[in-house]
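The residues making up each chain are set out below.
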Amino acid sequence: VQLVESGGGLVQPGGSLRLSCAASGFPFSKYTMSWVRQARGKGLEWVSDITSSGGSTYYEDDVKGRFAISRDNAKNTLYLQMNSLKTEDTALYYCAIPRPGATNEYDYWGQGTQVTVSA
């Protein structure tokens, strides 16, 4: 299993970024996928889930209405469009395969991509 995130960077408050996660080594189209994040000095925080077909999406309350998760199963790629970014969104963002039946537990995740929101 390999998950490679990209697209992070430095952005001003109110700005936008689009994260990507290239997946390989497993049947991507059969798996629910997650975005999670970890701010410096804090624990892992779930951000969003998308079901295998992309038909259902779920968001943590603080990002609802600002972030949009999507996937392209033909390209084995997961996305996170982040709009109206706030300083509190600053974190290392990971795509991950959630553990079935568990809450905030993940079987695999990538190396992460840093998102810094600052004026």
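Reading guide: rules and limits
- Every chain is numbered independently, its residues counted from 1 as its sequence is written.
- Whole-chain, interface and lining totals are the exception, using all residues; otherwise, since this is a predicted model, local features are given only for residues with pLDDT of at least 70 and side-chain atom pairs are given and counted only at 80 or more.
- The side-chain quantities take in all heavy atoms of the structure and omit both hydrogens and water.
- Criterion for a disulfide: a pair of cysteine sulfur atoms at a distance within 2.5 Å.
- Comment: elements are numbered from the N terminus, with helices defined as DSSP H or I runs of at least four residues and strands as E runs of at least two.
- For every residue, the accessible area obtained with a 1.4 Å probe (protein chains only) is divided by the maximum for its type, and the residue is called buried under 20%, exposed over 50%, and partly exposed between those limits.
- For this analysis, residues touch if any pair of their heavy atoms sits within 4.5 Å.
- Stacked, edge-to-face and tilted labels apply to pairs of Phe, Tyr and Trp rings (six-membered ring for Trp) whose centres lie within 6.5 Å, assigned for plane angles under 30 degrees, over 60, and everything in between, in that order.
- Only lysine NZ and arginine CZ atoms are considered, and such an atom sits over a ring when it is within 6 Å of the ring centre and within 35 degrees of the ring normal.
- Pairing between two strands is assigned when DSSP locates at least 2 bridges connecting them.

Would you explain the state of the cysteines in this entry?
Every disulfide links exactly two cysteines, by a covalent bond between their sulfur atoms. Throughout the structure, instances matching the rule amount to one disulfide. One disulfide bridge connects Cys21 with Cys95, the sulfur atoms lying 1.9 Å from each other. Judged by the sign of its S-S torsion, about 45 degrees, the cystine formed by Cys21 and Cys95 is right-handed. Separated by 74 residues along the polypeptide, Cys21 in strand β3 (residues 17-24) and Cys95 in strand β9 (residues 91-98) bring together distant segments of the chain. Owing to a relative accessible area of 0%, Cys21 belongs among the buried residues under this scheme.

In this structure, what is going on with the side chain of Ser20? I would like to understand it.
Mapped onto the secondary structure, Ser20 falls in strand β3. Those residues in contact with Ser20 that lie beyond four places of it in its chain are Val4, Glu5, Ser6, Trp35, Thr77, Leu78 and Tyr79.

Where do I start with the packing of aromatic side chains in this structure?
For any two aromatic rings, the description comes down to two numbers: the centre-to-centre distance and the angle of the planes. Counted under the stated rule, the structure contains two aromatic pairs. Ring geometry for Phe26 against Phe28: centres 6.2 Å apart, planes inclined by 70 degrees, an arrangement best described as edge-to-face. Phe28 matches Phe26 in its accessibility class, with the two residues each being buried. Here Phe26 and Tyr31 contribute two aromatic rings whose centre-to-centre distance is 5.4 Å and whose plane-to-plane angle is 90 degrees, an arrangement assigned as edge-to-face. A network of ring pairs unites the aromatic residues Phe26, Phe28 and Tyr31 as a single cluster. Taking NZ or CZ as reference, Arg18 lies 4.0 Å from the ring centre of Tyr79, over its face. One Lys or Arg, Arg71, reaches over the ring of Phe28 and ends 4.3 Å from the middle of that ring.

What am I meant to see in the pairing of strand β5 (residues 44-50) here?
Side-chain direction in a regular strand flips from residue to residue, so the side chains alternate between the two faces of the sheet. Of the pairings in the sheet, the one linking strand β4 (residues 33-38) to β5 comprises six bridges and is antiparallel in character. Directly across from Gln38, in β5, lies its bridge partner Leu44. Where β4 hands over to β5, the hairpin turn is made up of five residues, of which Gly41 adopts a positive phi near 80 degrees. Where β5 folds back onto strand β6 (residues 57-59) in an antiparallel hairpin, the turn is made up of six residues, including Gly54, whose phi is positive at roughly 85 degrees.

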